[in-house]
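The chain contents come next:
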Amino acid sequence: RWFTPVTEVDLCGHATLASAHFLFTTVLPEHGKLEFMTRSGILTAKKVPAPGSTGVPGEEQGKLFIELDFPMIGFLECNEMLSIPETLNGAPIVSVHKSATDGDLIVELSSGKEVVDILPSIDEIKNLACRGLIVTGPAPAGSGYDFFTRFFCPKFGIDEDPVTGSIHCVLAPYWGRKLGKQKLTAFQASPRGGTLYLQLDDANQRVQIQGEALTVMDGTLLA
(Lines give C-alpha, C1' and ligand atoms only; values in the text may rest on other atoms or scores of the structure.)
Protein backbone atom coordinates (compact mmCIF):
# COMPACT_ATOMS: atom_id res chain seq x y z
CA ARG A 1 0.00 0.00 0.00
CA TRP A 2 1.15 3.55 -0.71
CA PHE A 3 0.41 6.72 1.22
CA THR A 4 1.11 10.37 0.47
CA PRO A 5 1.08 12.86 3.36
CA VAL A 6 -2.65 13.32 2.66
CA THR A 7 -4.18 10.08 1.37
CA GLU A 8 -3.71 6.53 0.10
CA VAL A 9 -3.14 6.12 -3.66
CA ASP A 10 -3.90 3.25 -6.03
CA LEU A 11 -0.57 3.12 -7.85
CA CYS A 12 2.97 4.29 -7.08
CA GLY A 13 6.02 3.38 -9.11
CA HIS A 14 8.58 5.23 -6.99
CA ALA A 15 7.76 3.31 -3.79
CA THR A 16 7.38 -0.01 -5.61
CA LEU A 17 10.85 0.38 -7.11
CA ALA A 18 12.26 1.22 -3.67
CA SER A 19 10.47 -1.74 -2.06
CA ALA A 20 11.76 -4.11 -4.74
CA HIS A 21 15.28 -2.73 -4.34
CA PHE A 22 15.16 -3.32 -0.58
CA LEU A 23 13.81 -6.87 -0.94
CA PHE A 24 16.29 -7.80 -3.69
CA THR A 25 19.30 -6.45 -1.79
CA THR A 26 18.41 -7.34 1.79
CA VAL A 27 15.62 -9.91 2.25
CA LEU A 28 15.39 -12.01 -0.91
CA PRO A 29 18.73 -11.61 -2.75
CA GLU A 30 18.40 -15.04 -4.38
CA HIS A 31 15.13 -14.07 -6.09
CA GLY A 32 15.05 -12.60 -9.57
CA LYS A 33 11.38 -11.67 -9.59
CA LEU A 34 8.86 -10.42 -7.04
CA GLU A 35 5.08 -10.09 -7.02
CA PHE A 36 3.26 -7.40 -5.06
CA MET A 37 -0.45 -7.60 -4.21
CA THR A 38 -1.79 -4.04 -4.51
CA ARG A 39 -4.94 -1.98 -5.04
CA SER A 40 -4.03 -2.06 -8.75
CA GLY A 41 -3.77 -5.85 -8.86
CA ILE A 42 -0.63 -7.99 -9.02
CA LEU A 43 2.43 -5.93 -9.93
CA THR A 44 5.73 -7.61 -10.72
CA ALA A 45 9.32 -6.45 -10.33
CA LYS A 46 12.30 -8.28 -11.77
CA LYS A 47 16.04 -7.82 -12.04
CA VAL A 48 17.14 -6.85 -15.55
CA PRO A 49 20.42 -5.90 -17.24
CA ALA A 50 21.19 -2.20 -17.36
CA PRO A 51 19.71 -0.61 -20.51
CA GLY A 52 21.99 -1.07 -23.48
CA SER A 53 24.09 -3.76 -21.78
CA THR A 54 24.30 -7.52 -22.22
CA GLY A 55 25.38 -8.21 -18.65
CA VAL A 56 23.85 -10.32 -15.92
CA PRO A 57 20.41 -9.04 -14.86
CA GLY A 58 20.70 -6.65 -11.96
CA GLU A 59 24.49 -6.82 -11.68
CA GLU A 60 25.81 -4.47 -14.34
CA GLN A 61 28.74 -2.54 -12.83
CA GLY A 62 27.34 -3.18 -9.36
CA LYS A 63 24.04 -1.47 -10.17
CA LEU A 64 20.66 -3.06 -9.60
CA PHE A 65 18.30 -2.31 -12.46
CA ILE A 66 14.68 -3.28 -11.91
CA GLU A 67 11.78 -3.60 -14.33
CA LEU A 68 8.26 -2.93 -13.06
CA ASP A 69 5.24 -4.33 -14.91
CA PHE A 70 2.38 -1.80 -14.53
CA PRO A 71 -1.07 -1.34 -16.08
CA MET A 72 -1.32 0.85 -19.17
CA ILE A 73 -3.56 3.88 -18.65
CA GLY A 74 -5.49 5.55 -21.44
CA PHE A 75 -5.97 9.27 -22.04
CA LEU A 76 -8.77 11.50 -23.28
CA GLU A 77 -8.89 14.83 -25.06
CA CYS A 78 -9.72 17.68 -22.70
CA ASN A 79 -11.26 21.03 -23.57
CA GLU A 80 -10.76 22.45 -20.09
CA MET A 81 -9.57 26.06 -20.07
CA LEU A 82 -6.44 26.28 -17.94
CA SER A 83 -5.54 29.37 -15.97
CA ILE A 84 -1.96 28.78 -14.84
CA PRO A 85 -0.03 31.71 -16.39
CA GLU A 86 2.54 31.95 -13.60
CA THR A 87 3.29 28.23 -13.80
CA LEU A 88 3.68 28.13 -17.58
CA ASN A 89 6.05 31.12 -17.51
CA GLY A 90 4.93 32.26 -20.97
CA ALA A 91 5.11 28.84 -22.64
CA PRO A 92 2.26 28.20 -25.13
CA ILE A 93 0.19 25.03 -24.69
CA VAL A 94 0.29 22.50 -27.55
CA SER A 95 -2.52 20.27 -26.23
CA VAL A 96 -4.36 19.22 -23.08
CA HIS A 97 -5.42 15.66 -22.30
CA LYS A 98 -6.68 13.89 -19.21
CA SER A 99 -5.68 10.56 -17.70
CA ALA A 100 -8.55 8.11 -18.04
CA THR A 101 -8.25 6.75 -14.50
CA ASP A 102 -7.17 9.42 -12.01
CA GLY A 103 -8.05 12.55 -13.98
CA ASP A 104 -4.56 14.08 -13.96
CA LEU A 105 -4.23 16.77 -16.62
CA ILE A 106 -1.54 16.21 -19.26
CA VAL A 107 -0.34 19.56 -20.62
CA GLU A 108 2.00 19.27 -23.59
CA LEU A 109 4.41 22.12 -24.31
CA SER A 110 6.44 22.52 -27.49
CA SER A 111 9.82 21.61 -26.03
CA GLY A 112 11.52 19.90 -23.12
CA LYS A 113 13.30 23.19 -22.35
CA GLU A 114 9.92 24.83 -21.70
CA VAL A 115 9.09 21.98 -19.33
CA VAL A 116 12.34 22.59 -17.43
CA ASP A 117 11.74 26.35 -17.33
CA ILE A 118 8.21 26.40 -15.93
CA LEU A 119 7.82 28.11 -12.55
CA PRO A 120 5.17 26.14 -10.63
CA SER A 121 2.70 28.26 -8.72
CA ILE A 122 1.37 25.80 -6.17
CA ASP A 123 -1.68 27.98 -5.48
CA GLU A 124 -2.56 27.99 -9.20
CA ILE A 125 -2.19 24.22 -9.42
CA LYS A 126 -4.25 23.63 -6.28
CA ASN A 127 -7.13 25.55 -7.84
CA LEU A 128 -7.32 23.22 -10.84
CA ALA A 129 -10.20 20.74 -10.88
CA CYS A 130 -7.85 17.79 -11.45
CA ARG A 131 -5.93 15.67 -8.96
CA GLY A 132 -2.49 16.55 -10.36
CA LEU A 133 -0.80 18.37 -13.23
CA ILE A 134 1.53 16.61 -15.68
CA VAL A 135 3.58 18.97 -17.87
CA THR A 136 5.45 17.28 -20.71
CA GLY A 137 7.24 18.06 -23.95
CA PRO A 138 9.56 16.51 -26.56
CA ALA A 139 13.17 16.11 -25.46
CA PRO A 140 15.90 18.19 -27.10
CA ALA A 141 17.52 16.62 -30.14
CA GLY A 142 20.64 14.67 -29.24
CA SER A 143 19.73 14.43 -25.54
CA GLY A 144 19.20 10.68 -25.67
CA TYR A 145 15.64 11.09 -24.36
CA ASP A 146 12.25 11.02 -26.07
CA PHE A 147 10.37 13.36 -23.75
CA PHE A 148 10.67 15.43 -20.57
CA THR A 149 8.05 15.63 -17.83
CA ARG A 150 7.32 17.27 -14.49
CA PHE A 151 4.49 16.34 -12.11
CA PHE A 152 2.75 18.47 -9.48
CA CYS A 153 0.20 17.14 -7.00
CA PRO A 154 -0.16 19.61 -4.09
CA LYS A 155 -3.67 18.38 -3.26
CA PHE A 156 -2.05 15.12 -2.16
CA GLY A 157 0.72 16.85 -0.24
CA ILE A 158 3.30 16.59 -3.06
CA ASP A 159 4.16 19.99 -4.52
CA GLU A 160 6.48 18.38 -7.09
CA ASP A 161 7.29 14.68 -7.23
CA PRO A 162 10.96 13.94 -7.99
CA VAL A 163 10.21 10.89 -10.20
CA THR A 164 6.78 9.36 -10.77
CA GLY A 165 6.48 5.89 -12.26
CA SER A 166 2.68 5.86 -12.23
CA ILE A 167 2.22 8.86 -14.56
CA HIS A 168 4.38 7.10 -17.15
CA CYS A 169 1.63 4.46 -17.41
CA VAL A 170 -0.27 7.12 -19.38
CA LEU A 171 2.70 9.04 -20.79
CA ALA A 172 4.18 5.92 -22.42
CA PRO A 173 1.15 5.30 -24.67
CA TYR A 174 0.71 9.06 -25.18
CA TRP A 175 4.24 9.61 -26.48
CA GLY A 176 4.45 6.16 -28.04
CA ARG A 177 1.52 7.05 -30.29
CA LYS A 178 2.92 10.50 -31.13
CA LEU A 179 6.42 9.24 -31.91
CA GLY A 180 5.50 5.83 -33.35
CA LYS A 181 7.71 4.01 -30.85
CA GLN A 182 7.29 1.02 -28.54
CA LYS A 183 10.41 1.76 -26.50
CA LEU A 184 10.98 5.20 -25.03
CA THR A 185 13.44 6.91 -22.70
CA ALA A 186 11.93 9.53 -20.43
CA PHE A 187 13.46 12.16 -18.17
CA GLN A 188 11.54 13.61 -15.25
CA ALA A 189 12.96 17.11 -15.03
CA SER A 190 12.35 17.82 -11.35
CA PRO A 191 15.14 19.52 -9.39
CA ARG A 192 16.41 16.03 -8.45
CA GLY A 193 15.57 14.40 -11.79
CA GLY A 194 15.40 10.80 -12.92
CA THR A 195 15.50 8.57 -16.00
CA LEU A 196 12.85 5.97 -16.86
CA TYR A 197 13.16 3.34 -19.60
CA LEU A 198 9.72 2.42 -20.96
CA GLN A 199 8.35 -0.37 -23.14
CA LEU A 200 4.75 -0.70 -24.30
CA ASP A 201 3.00 -4.08 -24.26
CA ASP A 202 -0.12 -3.21 -26.24
CA ALA A 203 -1.38 -6.81 -26.42
CA ASN A 204 -1.64 -7.05 -22.63
CA GLN A 205 -2.23 -3.35 -21.97
CA ARG A 206 0.88 -3.10 -19.79
CA VAL A 207 3.85 -0.77 -19.51
CA GLN A 208 7.28 -2.01 -18.43
CA ILE A 209 9.21 0.65 -16.54
CA GLN A 210 12.92 0.17 -15.88
CA GLY A 211 14.99 2.14 -13.42
CA GLU A 212 17.34 1.88 -10.48
CA ALA A 213 17.19 2.73 -6.79
CA LEU A 214 19.94 3.56 -4.34
CA THR A 215 20.16 2.76 -0.65
CA VAL A 216 21.13 5.99 1.11
CA MET A 217 20.75 5.00 4.76
CA ASP A 218 20.83 1.84 6.83
CA GLY A 219 20.29 1.69 10.56
CA THR A 220 18.93 -0.21 13.55
CA LEU A 221 16.03 0.87 15.78
CA LEU A 222 16.83 -0.37 19.30
CA ALA A 223 13.76 0.80 21.20
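Residues numbered from 1 in each chain as written. Predicted model: local features only at pLDDT ≥ 70, side-chain atom pairs only at ≥ 80, totals over all residues. Heavy atoms only, no water.

For the protein chain, the name recorded in an unreviewed UniProt entry is Isomerase, with Aegilops tauschii subsp. strangulata as its organism. The record in UniProt for the protein chain states the following under Sequence similarities (unreviewed entry): "Belongs to the PhzF family." (UniProt positions renumbered as here; feature names shortened; annotations may be inferred.)

Draft legend 1. Quick look at the overall build of the protein chain. Within the protein chain, the regular secondary structure consists of 5 helices and 13 strands. The C-alpha radius of gyration computed for the protein chain amounts to 18 Å, which stays within 12% of the reference 17 Å derived for 223 residues, consistent with globular compactness. Summarising its shape, the C-alpha atoms of the protein chain cover approximately 50 × 45 × 30 Å along the three principal directions. Relative to its 223 residues, the protein chain shows a buried fraction of 48%. The contacts in the protein chain between residues at least 6 apart in sequence include a share of 57% that link residues at least 24 apart. When the accessible surface of the protein chain is totalled, it reaches about 11500 Å², and 53% of it is carbon and sulfur. (Helix = DSSP H or I, 4+ residues; strand = E, 2+ residues; numbered from the N terminus. Rg over C-alpha atoms; globule rule 2.2 N^0.38 Å. Buried < 20%, exposed > 50% of the residue type's maximum accessible area, 1.4 Å probe, protein only. Contact = heavy atoms within 4.5 Å. Areas by Shrake-Rupley, 256 points an atom, 1.4 Å probe, with all protein chains shown as cover.)

Draft legend 2. Structural context of the pattern of salt bridges. In this structure the tally under the stated criterion is 11 salt bridges. Three or more residues are tied together by salt bridges with common partners; here these are Arg-1, Glu-8, Asp-10 and Arg-39. (Salt bridge = Lys/Arg side-chain N within 4 Å of Asp/Glu carboxyl O.)

Draft legend 3. Spotlight on the side chain of Thr-38. By secondary structure assignment, the location of Thr-38 is in strand E3 (residues 33-38). A distance of 2.9 Å separates the side chain of Thr-38 from the backbone nitrogen of Ser-40, its partner in a polar contact. When neighbours within four sequence positions are excluded, Thr-38 is seen to be in contact with Trp-2 and Leu-43. (Polar contact = N/O pair within 3.5 Å; in protein donor to acceptor, adjacent residues only side chain to side chain.)

Draft legend 4. Structural detail: the sheet that holds strand E8 (residues 105-109). With mixed pairing, 11 strands are arranged side by side in an open sheet as E3-E4-E5-E13-E12-E11-E10-E9-E8-E7-E6. In the strand order of this sheet, the two ends are held by E3 and strand E6 (75-77), each with one partner. Within this sheet the neighbouring strands show an average axis-to-axis angle of 30°, counted without direction. Across 5 bridges, the pairing between strand E7 (residues 93-99) and E8 is antiparallel. From the neighbouring strand, Lys-98 faces E8, where its bridge partner is Leu-105. Each of E3, strand E4 (41-48), strand E5 (65-71) and strand E13 (206-212) is contacted by helix H1 (residues 13-27), which is oriented at about 135° to E5, the strand it contacts most. (Pairing = 2+ DSSP bridges. Axes fitted to C-alpha atoms, helices over the stretch in contact; angles between N-to-C directions.)

Draft legend 5. Quick look at the state of the cysteines. Under the definition given, this model contains 0 disulfides. Here Cys-78 stays free of any disulfide, with the sulfur of Cys-130 as its closest cysteine sulfur at 8.6 Å. Residue Cys-78 is classed as buried on the basis of its relative accessible area of 13%. Counting only cysteine sulfurs, Cys-153 is the nearest neighbor of Cys-130, a cysteine outside any disulfide, at a range of 8.3 Å. According to the relative accessible area criterion, Cys-130 is buried, its value standing at 7%. (Disulfide = S-S within 2.5 Å.)

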